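Residues per chain are reported as follows:
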Amino acid sequence: MSGRTQPVDLAATAVPLGVDWIHGSPSAKHNTDPDIQVHAYDEHTFVLRQNMAVDYEAPFLYLLFGADRALLLDTGATESAAFFPLRRVVDELIAARLHADPVAAQRGCPLLVLHTHAHGDHVAGDAQFADRPDTTVVGADLPTAWAYFGFDEDADRIAEVDLGGRVVDCLATPGHHAAAVTFYDRSTGLLFTGDTVYPGRLYVEDWAAFRRTVDRLLAFAATHPVAHVLGCHIEMTREPGVDYPVRTSYQPQEPALEMTVGQLHDLRRAIEEVGDRPGRHAFADFVICKQDAD
Ligand SMILES: [Zn+2]
């Protein structure tokens, strides 16, 4: 956990994740992928993907370790531990960490569970952690999450979650969902945008809020080095402007999960271009699905 005072230029030094993500199979029944794929971004940072045959949403989840505790962002699309053994996988990652670090082993590793937003495919696994010792699950619903982050008092504040030598900034970013939160890990420069920004269909339930959110993310990115923008799904193909149909459970031509601040700027321009028109608007790297009509 060293070297996390003012990173030099994380964006300039960021390398592609370079992961072959599990992406479903022609026959979901005959899928041989793991229930959950685990990618170590670095030794303190893990990206998890849910098996697409278990749930077509195949969301990404994130597990970050600090010196004092671990933070899990989201709990996936499936409640059943038999089909989606998230708690077991998280337990194994925590156990491996404690095994490798005698000091941490003595102290233990409490787990904090937060969410990018309250849609079902991001909170379904919460119950697996309900009786887990040394664990705090903060509800994703608006009243609970907003009170936890202090957004009920001041929606413009940046809440800080300290994992021990690793601070995660939390911003209220409504638009896709009223209780959407974006997380920024200062140590890696990773910006976790949930379903607000990802290479897929950006469903917008509140257009004005979404526009403000993207403005805010751009302002934030102008003053904080962003290595990667990491959302929670992939729905695009590698062909610009073409997404996989909803409920697809086989996506052999997925683009990378990670996006750039440049693509955030693209999104801002796309929002201007969409203007007042409701409905579906395809752009090269994402599709805006404007659900309201204001
Ligand atoms: Zn969502």
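Scroll up for the structure.
Below: a short report on this structure. Here the structure is a predicted model, which means the values were calculated and not measured.

**A short note on the environment of Thr 248**
Among the structural elements, Thr 248 can be located in the loop between strand S12 (228-231) and strand S13 (258-259). Here Thr 248 falls in the buried class, since its relative accessible area comes to 15%. The spacing of Thr 248 and Asp 55 is 193 residues in sequence and 9.7 Å in space, taken between C-alpha atoms. Other than its neighbours up to four places away in sequence, Thr 248 contacts Met 52 and Tyr 56. Of note is the side chain of Thr 248, whose polar atom sits 2.4 Å from the backbone oxygen of Pro 245.

**Quick notes on the coordination of the zinc ion**
Within the protein, the zinc ion binds to His 117 (NE2), His 119 (ND1), His 176 (NE2) and Asp 195 (OD); these donor distances fall in the range 2.1 to 2.3 Å. In primary sequence terms, the donor set of the zinc ion follows H-x1-H-x56-H-x18-D. Here His 176 is found in the loop between strand S8 (167-172) and strand S9 (181-185), whereas its partner Asp 195 is found in the loop between strand S10 (190-194) and strand S11 (201-204), with 19 residues between them in sequence. Side by side, His 176 and Asp 195 carry an identical accessibility label, which is buried.

**Description of the packing of aromatic side chains**
Each aromatic ring pair is summarised here by two numbers: the centre-to-centre distance and the angle between the ring planes. Counting across every chain of the model gives 10 aromatic pairs. When the centroid spacing of 4.6 Å and the interplanar angle of 50° are considered together, the rings of Tyr 62 and Phe 192 count as tilted. Linking Tyr 62 in strand S3 (residues 60-65) with Phe 192 in strand S10, this pair joins segments that are 130 residues apart in sequence. This pair shows no difference in class: Tyr 62 is buried, exactly as Phe 192 is. For the pair Tyr 184 and Phe 220, a centre-to-centre distance of 5.0 Å together with 75° between the ring planes defines the contact as edge-to-face.

**Thoughts on the sheet that holds S11**
Backbone hydrogen bonds are what pair the strands of a sheet, in a parallel or an antiparallel way. The strand order across the open sheet formed by three strands is S11-S15-S14, and the pairing between neighbours is mixed. Here the strands that pair on one side only, and so sit at the sheet edges, are S11 and strand S14 (279-282). Across the sheet, the mean angle separating the axes of adjacent strands is 20° when strand polarity is ignored. Along the sheet, helix H7 (residues 261-274) makes contact with S11, S14 and strand S15 (287-290), crossing S15 at roughly 45°.

**A short note on the side chain of Asp 74**
On the secondary structure map, Asp 74 appears in the loop between strand S4 (70-73) and helix H2 (86-100). Arg 49 provides the closest opposite charge to the buried, unpaired Asp 74, separated from it by 12 Å. A polar contact of 2.8 Å, which involves the side chain of Asp 74, links it to the side chain of His 122. Once you skip the residues sitting within four places of it in the chain, Asp 74 turns out to touch Leu 61, Leu 86, Leu 114, His 115, Thr 116, His 117, His 122 and Cys 232.

**Overview of the side chain of His 122**
Structurally, the position occupied by His 122 is in helix H4 (residues 120-123). In this structure His 122 comes out as buried when scored by relative accessible area, which is 1%. Every residue in contact with His 122, bar those within four places of it in the chain, is listed here: Asp 74, Thr 75, Gly 76, His 115, Thr 116, His 117, Asp 195, Cys 232 and His 233.

**Remarks on the nonpolar core**
Tyr 62, Leu 114, Phe 149, Cys 170 and Phe 183 are the most contacted members of the largest nonpolar core, which has 31 residues in total. For this core, the elements supplying multiple residues, two or more each, are S3, S4, strand S5 (111-114), helix H5 (142-149), strand S7 (159-162), S8, S9 and S10. Residues Tyr 184, Phe 210, Met 259 and Leu 264 belong to the second largest nonpolar core, which totals 25 residues.

**Here's the deal with H7**
With 14 residues, H7 ought to run about 20 Å at 1.5 Å a step, and its terminal C-alpha atoms sit 20 Å apart, in line with that. All buried positions along H7 are accounted for by Gln 263, Leu 264, Leu 267, Arg 268, Ala 270, Ile 271 and Val 274. Projection of H7 onto a plane perpendicular to its axis shows the buried side chains occupying an angular sector of 160°, all on one side. Facing away from the buried side of H7 by over 90 degrees, the exposed positions are Arg 269, Glu 272 and Glu 273. For H7, the capping residue at the N-terminal end is Thr 260, with a side-chain oxygen 3.3 Å from the backbone nitrogen of Gly 262. With its phi angle positive at about 55°, Gly 275 sits one or two positions after the end of H7.

Calculation criteria
- Numbering of residues starts from 1 in each chain and follows the order in which that chain's sequence is written.
- Residue-level local features of this predicted model are given only where pLDDT is at least 70; pairs of side-chain atoms are given and counted only at 80 or more, and the full residue set underlies all totals for whole chains, interfaces and linings.
- Remark: hydrogens and water are excluded; side-chain values derive from all non-hydrogen atoms of the structure.
- Secondary structure is summarised from DSSP: a helix means a run of H or I of at least four residues, a strand means a run of E of at least two, and numbering begins at the N terminus for each.
- Partly exposed residues are those whose accessible area sits between 20% and 50% of the maximum for their type, while under 20% is buried and over 50% is exposed, using a 1.4 Å probe and protein chains only.
- In this analysis, two residues are considered to be in contact whenever any of their non-hydrogen atoms come within 4.5 Å of each other.
- Distance and chemistry together define a polar contact, namely a pair of N or O atoms within 3.5 Å, with one atom able to donate a hydrogen and the other to accept it when in protein, and with adjacent residues in sequence counting only for side-chain atoms on both sides.
- Each metal's donors are the N, O and S atoms found within 2.8 Å of it, except that Na, K and Ca use a 3.2 Å limit; water is left out, so coordination can look incomplete.
- What counts as a ring pair is set by centres within 6.5 Å for rings of Phe, Tyr and Trp (its six-membered ring), and what kind of pair is set by the plane angle: stacked under 30 degrees, edge-to-face over 60, tilted for all other angles.
- Paired strands, as defined in this entry, are two strands with at least two bridges between them according to DSSP.
- Here an angle of 0 to 180 degrees is reported between the N-to-C directions of two axes, which are lines fitted to C-alpha atoms, with helices fitted over the stretch in contact.
- Note that His is not counted, nor are the chain ends; the positive residues are Lys and Arg, and the negative ones are Asp and Glu.
- Criterion for a salt bridge: a side-chain nitrogen of Lys or Arg within 4 Å of a carboxyl oxygen of Asp or Glu.
- Within this scheme, the nonpolar core is defined by two criteria: the residues are buried Ala, Val, Leu, Ile, Met, Phe, Trp, Tyr or Cys, and they are joined through side-chain atoms within 4.5 Å.
- For a helix, the expected span equals 1.5 Å multiplied by the residue count minus one.
- To obtain the arc, one takes the directions from the helix axis to the C-beta atoms.

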